[in-house]
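# Architecture at a glance
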Number of protein chains: 2
Amino acid sequence: MEDLVRGELKEASLSQLKEICERLRGEIFRTVSVRGGHLASNLGVVELTVALYRTFNFPTDKIVFDVGHQCYAHKLLSGRAQKFSTLRSRGGISGFPKRSESPFDCYETGHAGTAVSAALGIAKARDLQGESFDVIALVGDGSFNNGLIYEALNSLKILSTRVLIVLNDNGMSISPTVGGTHEVLSEIKGGRAPSEDIALFERYGLRYMGVYNGNDLEELLPALEETKEALRAQSVLLHVTTRKGQGYAFCEREPERTHGFSPNGAGTEYSAALGEELTAMAGEDPRIVAVTAAMTDALGLRPFFQAFPERAFDVGICEEHACVLSAALAAGGMRPYYAIYSTFLQRAYDEIIHDICGQGLPVTLCIDRAGVTGADGETHQGVFDLSYLAPIPNLTIAVPKNIAEFRAMLRMSASYGKPLAIRYPREGKEGASNAIEIGKFEILHSSTSDIIVYAAGERCIALAERILALAQKEGMDFTVVNARFVKPVDSQMILSRREKQVITLEDNVLTGGLGDAIARVLRGTEKNLRAFGYPDIFIPHGSAAELAEEFGLNSEEILRYIRECHARG
Amino acid sequence: MEDLVRGELKEASLSQLKEICERLRGEIFRTVSVRGGHLASNLGVVELTVALYRTFNFPTDKIVFDVGHQCYAHKLLSGRAQKFSTLRSRGGISGFPKRSESPFDCYETGHAGTAVSAALGIAKARDLQGESFDVIALVGDGSFNNGLIYEALNSLKILSTRVLIVLNDNGMSISPTVGGTHEVLSEIKGGRAPSEDIALFERYGLRYMGVYNGNDLEELLPALEETKEALRAQSVLLHVTTRKGQGYAFCEREPERTHGFSPNGAGTEYSAALGEELTAMAGEDPRIVAVTAAMTDALGLRPFFQAFPERAFDVGICEEHACVLSAALAAGGMRPYYAIYSTFLQRAYDEIIHDICGQGLPVTLCIDRAGVTGADGETHQGVFDLSYLAPIPNLTIAVPKNIAEFRAMLRMSASYGKPLAIRYPREGKEGASNAIEIGKFEILHSSTSDIIVYAAGERCIALAERILALAQKEGMDFTVVNARFVKPVDSQMILSRREKQVITLEDNVLTGGLGDAIARVLRGTEKNLRAFGYPDIFIPHGSAAELAEEFGLNSEEILRYIRECHARG
């Protein structure tokens, strides 16, 4: 669509505003259909975004989008409509707020629960500098399960500043929102128990206001005017009910399935294997339980939840609590599997150290979306996990070469009895696997050359095999090893191999990953190690394959290096 | 004191129980006076602990101590009285719950806010295994600011199990408890606004019960009997008011100063320098603000809070929120200094990546108690920070050689404009400093030998200098370098030095620290690197100096290695 001309939205009539909403909705639908991205959440907040733009003055006023996946209408209204068709593609518009992209994006998000803290910080900075504008946090009800929100609410009186918290309540947090907080919000929304719960928000220093139909501009616009007025005196919580997927019947019906769309997706999903294996294992071992933080379907756990509802726990967007709960279930005699995306596991870092590994408890972390994940960009790449997990004592880190090996690692985990992390990408091939022993690598291709390649995980092994085929055409050869344990690495093999030229491939930043682990073993030897992986930058959005090639796992560069090694040898 | 004989507490009369309380109080006071440790919090819960032991059957019933620093009476009542005089010393009784120490310690803690999640996990495991016992979480009011507690409360209905949460409300969280939650609890406690707030707890699935004077056994004992009865039907929140430091007038008067005692403490504290420098800097730069998570005094920030109350924020035990708040204050134009202990910063790991470094915002992390900290043991050692911070893009990591250099780094930070972490131990010497340039090391002692030692931080530099003196007596010599930036390391110096034998010393685990960073630079050269630091285990309690010697920075071992290098050269 065309960008709105200056003032167009401010001067529009109600019917023109409704028409703008339809244009936005159409543009979002068309673009997401092609580029992938978040659909239902963005369709749900079109009217709310238009009403906020009508009422407030961005970018002078500031808006922080919690999680950030619901900012498409905002992007379309802030001068990015013409470029919007490039959404989530390399060099194109990001699917999340980016300060470098527009002054309308005042604060970057991607993970849940940060917006109230962020709005408070921006508002306090405003006060201290004697400035005057409004600061808004737009937060979904799913994030109201997250502990960070309560830490921020607890600060409202300490900071004595003014913010507007817009609670966008669609009853979903990818999975349907669960738990006590959701019930409280539902009761307020339903008008059943308003006084007590509203009183609680007010105790924290918030004035509570509400909009029943947040997809109706006729209700929204006067409510926002009133809210803006109230905000002059104190912080306000505006509780807005919206319908996720509004305007597209199939999205409204299936908001969980239409939360996000991914246009590629040729391979098989590791998550499906997780669901199958865990369900099968749980049939034999009554100690097996599954824990997730609001991602049942994306992680493949639906079959487990259906087969063993009493042993399956979706605790909402509470990554830390899910981790402690898993540790304690293990302390109590169970065998918990905590499935989570790599990037979100960062939230539970202290609990992995303090609760799981400090006590050496048999929790298996099933770390999905590891490595470069692609189109969601900086905040969603899973490229730090090998580095932040490796320094933790008592933890074993496994990286399967394919889905069959992933299944074998899961089966092995049931009797392992110690903390275990298995990290895997979204997609791969089923393949076949051989017997697994903790800390032992597997030779996939032997050669008599002086070059050995240690590769961790399916992306890197596939890359090694592609390069091997090219190298062989040039009359070169090298040994390829499946480095399926990044902790402990196979010191015995590493030290006993005779190849002098050692190459490591990992789908992780180079600092603290596989390359460093193998280099530590090789210290004091005459071997020459070169590590390939990602550099010390935040990797932007694009397709996962092109990002891997561009930022660190470049097949041409690796092949060139192999030629150098070959020439030396 | 002697251990109680079996059944003694169960059969004691009220006056005998009161006498047991006095014996416990005396033993705690005497032992902490000698060994150091947590005083006021332990004195406050003596009656509560005795009443819990009288009412419940440990270790069949389970109790999880949030933070764990209030478990001394529990240890004295569970067969550890005779050994209690070894508290916090190497090989002696830990100051925190330890599963390896006693079956009465069912779950280990050290960081705040985990107990409700842990109790839920243990209780759910109990249910799934068809067992029957009670599970108790003993939580201080300070932890009720922490987001984890809300994530756990949100789970109560999801998990449909039964736990007893004992809220030990003494109005303190090292610093006085702050914020909206504290006000809500105070109002309940004062009987001013009970119905609404109690209704909220009940909405989460908890029955609310209260004890006004939790230091009075006559009130406590019947209340606990009633609670135990109520627990058969549903989860209970028992709100108990206690007085921190109860029984010792100076502790009651000054609970913040008597929270913990440290018997050593010969050196000067880095924290005092932080307070002085930041206060001086803030006088010149109105953008400077200070953020802490309930540790104003321990971090040395009292002078700043007194001089600039409007720019000083204690947000309670909310390490994550404090991190996002700091990032957002920076996004809004301020220059925040977020001071925190190394071990607690683990809680904000995702926010360091996602909020501070992802956006490249000028927040300075002042990381106190880095390295081996000693008597608090496994959960409090600050030995992971170099490893978990190094992989984060956009972050600079500085490690001062003494307090004067720490001051210089702080002054430099004001104009740095990018994310910066400065990590330092509790104590050191004032010393002197030279000009600092980001990423540049400093040669402290030059030699013509073939050996170079890179040491990061005051403990390691002092160690290098001690070893140098010994080596010189034996006619050996080596170059000593102040590796004051662990990220970026001084690649130019590292590559241009001619010494072939490279030694690194760091007060951190070896995986992912200084040694690995310098090794990466040296890859492909002929240099021989040996790294000294801590191994891949959780380091127990003891004195910091003896732990360092025992676990990785052993001066005799390093000297022996230098002799080897000397013999080779």
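Here the structure is a predicted model, which is why all the values come from computation and not from measurement.

## Describing the packing of aromatic side chains
For any pair of aromatic rings, the description rests on two quantities: the centre-to-centre distance and the angle between the ring planes. Evaluated as defined, the whole model comprises 34 aromatic pairs over all chains. Each ring, one from Tyr388(A) and one from Tyr349(B), has its centre 5.5 Å from the other, and the planes form 70 degrees; the classification is edge-to-face. Separated into two different chains, Tyr388(A) in helix H17 (residues 385-389) and Tyr349(B) in helix H16 (residues 349-357) make up a pair that spans both. Each member of the pair, Tyr388(A) as well as Tyr349(B), carries the same accessibility label: buried. Ring geometry for Tyr270(B) and Phe406(B): centres 5.5 Å apart, planes at 50 degrees, overall tilted. Here Tyr270(B), found in helix H12 (residues 270-284), pairs with Phe406(B), found in helix H18 (residues 403-413); they are 136 residues apart in sequence, far enough to count as distant. Classification of Phe406(B) as buried rests on a relative accessible area of 0%. Here the aromatic cluster, defined as three or more aromatic residues joined through ring pairs, consists of Tyr53(A), Phe56(A), Phe58(A) and Phe104(A).

## Topic: the interface of chain B and chain A
Residue-level contacts link 103 residues of chain B with 103 residues of chain A. Between chain B and chain A the total buried area reaches about 8,400 Å² when both faces are included, carbon and sulfur atoms providing 59% of it. The interface formed by chain B and chain A contains twelve salt bridges. Between Asp536(A) and Lys487(B) there is a salt bridge whose closest N-O contact spans 3.0 Å. Of the residues forming the side of chain B that touches chain A, the biggest block, ten residues, is contributed by helix H7 (residues 147-159) of chain B. Of the residues assigned to the side of chain B that touches chain A, the class counts are 47 nonpolar, 32 polar and 24 charged.

## A closer look at the sheet that holds strand E8 (residues 235-241) of chain B
All names here are of chain B. Overall, parallel pairing links the five strands, which are arranged E2-E3-E4-E8-E7 in an open sheet. For this open sheet the edge positions go to strand E2 (62-65) and strand E7 (206-211), each flanked by a neighbour on one side alone. Ignoring strand direction, the axes of neighbouring strands in this sheet form an average angle of 20 degrees. In terms of strand pairing, strand E3 (residues 135-140) meets strand E4 (residues 164-169) through five bridges, oriented parallel. Among the inter-strand pairings, Gly-140 is bridged to a residue of E4, identified as Asn-168.

## What about the packing of helix H12 (residues 270-284) of chain A against helix H18 (residues 403-413) of chain A?
All names here are of chain A. Running from N to C, H12 and H18 cross one another at 30 degrees; their axes reach a closest spacing of 10 Å. Of the two possible hands of crossing, H12 and H18 adopt the one that is right-handed. Contacts between H12 and H18 involve Tyr-270, Ala-273, Leu-274, Glu-276, Glu-277 and Met-281 from the first element and Ile-403, Phe-406, Arg-407, Leu-410, Arg-411 and Ser-413 from the second. Residues belonging to the contact of H12 with H18 are distributed by class as follows: seven nonpolar, one polar and four charged.

## Brief notes about the relation of the copies chain B and chain A
Each copy superposes on the other: chain B lies on chain A with an RMSD of 0.0 Å after a rotation of 180 degrees and an axial shift of 0.0 Å. The symmetry that links the two subunits is that of a two-fold axis. Considering only C-alpha atoms, the part of chain B nearest the rotation axis is Gly147(B), at 1.8 Å. Looking at chain B, 100% of its interface residues are interface residues in chain A too, so the copies touch through the same face.

## Observations concerning the side chain of His239(B)
Residues and elements named next belong to chain B. When you line up the elements, His-239 lands in strand E8. The exposure class of His-239 is buried, given its relative accessible area of 3%. Only 2.8 Å separates the side chain of His-239 from the side chain of Asp-169, close enough to count as a polar contact.

## A few points about the domain arrangement of chain A
Residue and element names in this part refer to chain A. Here chain A is described as being made up of domain 1 (6-261), domain 2 (270-423) and domain 3 (442-568). Look at where the C-alpha atoms of domain 2 and domain 3 centre, and you get two points 27 Å apart. The interface of domain 2 with domain 3 comprises 33 residues on the first partner and 29 residues on the second. For the pair domain 2 and domain 3, the two sides together bury roughly 2,200 Å², of which 56% comes from carbon and sulfur. Counting the surface domain 2 buries against domain 3, the share from its top three residues, Val-372, Glu-378 and Lys-401, is 27%. Remark: the boundary between domain 2 and domain 3 carries two salt bridges. Glu-405 is paired through a salt bridge with Arg-484; the nearest N and O atoms lie 2.9 Å apart. Between domain 2 and domain 3 we count 22 residue pairs in polar contact (both at pLDDT 80 or more) in total. Looking at side-chain class alone, the side of domain 2 that touches domain 3 contains 18 nonpolar, nine polar and six charged residues.

## Examining the packing of helix H19 (residues 458-473) of chain A against helix H22 (residues 544-551) of chain A
Residue and element names in this part refer to chain A. Where H19 contacts H22, the axes come no closer than 13 Å and their chain directions differ by 65 degrees. By the criterion of interaxial angle, the relationship of H19 to H22 is roughly perpendicular. Considering how the two elements wind past one another, H19 and H22 form a crossing that is right-handed. For the pair formed by H19 and H22, the contact residues are Arg-459, Leu-463 and Arg-466 on the first element and Ala-544, Ala-545, Ala-548 and Glu-549 on the second.

## Brief notes about the pairing of strand E19 (residues 451-455) of chain B
Residues and elements named next belong to chain B. For E19, the buried fraction is high: five of the five residues fall into the buried class. By the alternation rule, side chains of E19 split into Ile-451, Val-453 and Ala-455 and Ile-452 and Tyr-454, which are all buried. The pairing of E19 with strand E22 (residues 501-509) spans five bridges and is classified as parallel. Bridge assignment links Ile-451 to a residue of E22, and that residue is Gln-501.

Thresholds, definitions, all that
- Residues numbered from 1 in each chain as written.
- Chains lettered and ligands numbered in written order.
- Predicted model: local features only at pLDDT ≥ 70, side-chain atom pairs only at ≥ 80, totals over all residues.
- Heavy atoms only, no water.
- Phe/Tyr/Trp six-rings, centres within 6.5 Å; stacked < 30°, edge-to-face > 60°.
- Helix = DSSP H or I, 4+ residues; strand = E, 2+ residues; numbered from the N terminus.
- Buried < 20%, exposed > 50% of the residue type's maximum accessible area, 1.4 Å probe, protein only.
- Contact = heavy atoms within 4.5 Å.
- Buried area = accessible area lost by both parts, 1.4 Å probe.
- Salt bridge = Lys/Arg side-chain N within 4 Å of Asp/Glu carboxyl O.
- Nonpolar A, V, L, I, M, F, W, Y, C, P; charged D, E, K, R; others polar.
- Pairing = 2+ DSSP bridges.
- Axes fitted to C-alpha atoms, helices over the stretch in contact; angles between N-to-C directions.
- Left-handed = near helix turned anticlockwise from the far one by under 90°.
- Least-squares fit on C-alpha atoms with pLDDT ≥ 70 in both.
- Polar contact = N/O pair within 3.5 Å; in protein donor to acceptor, adjacent residues only side chain to side chain.
- Domains from an automatic or database assignment.
- Parallel < 35°, antiparallel > 145°, perpendicular 65-115°, else oblique.

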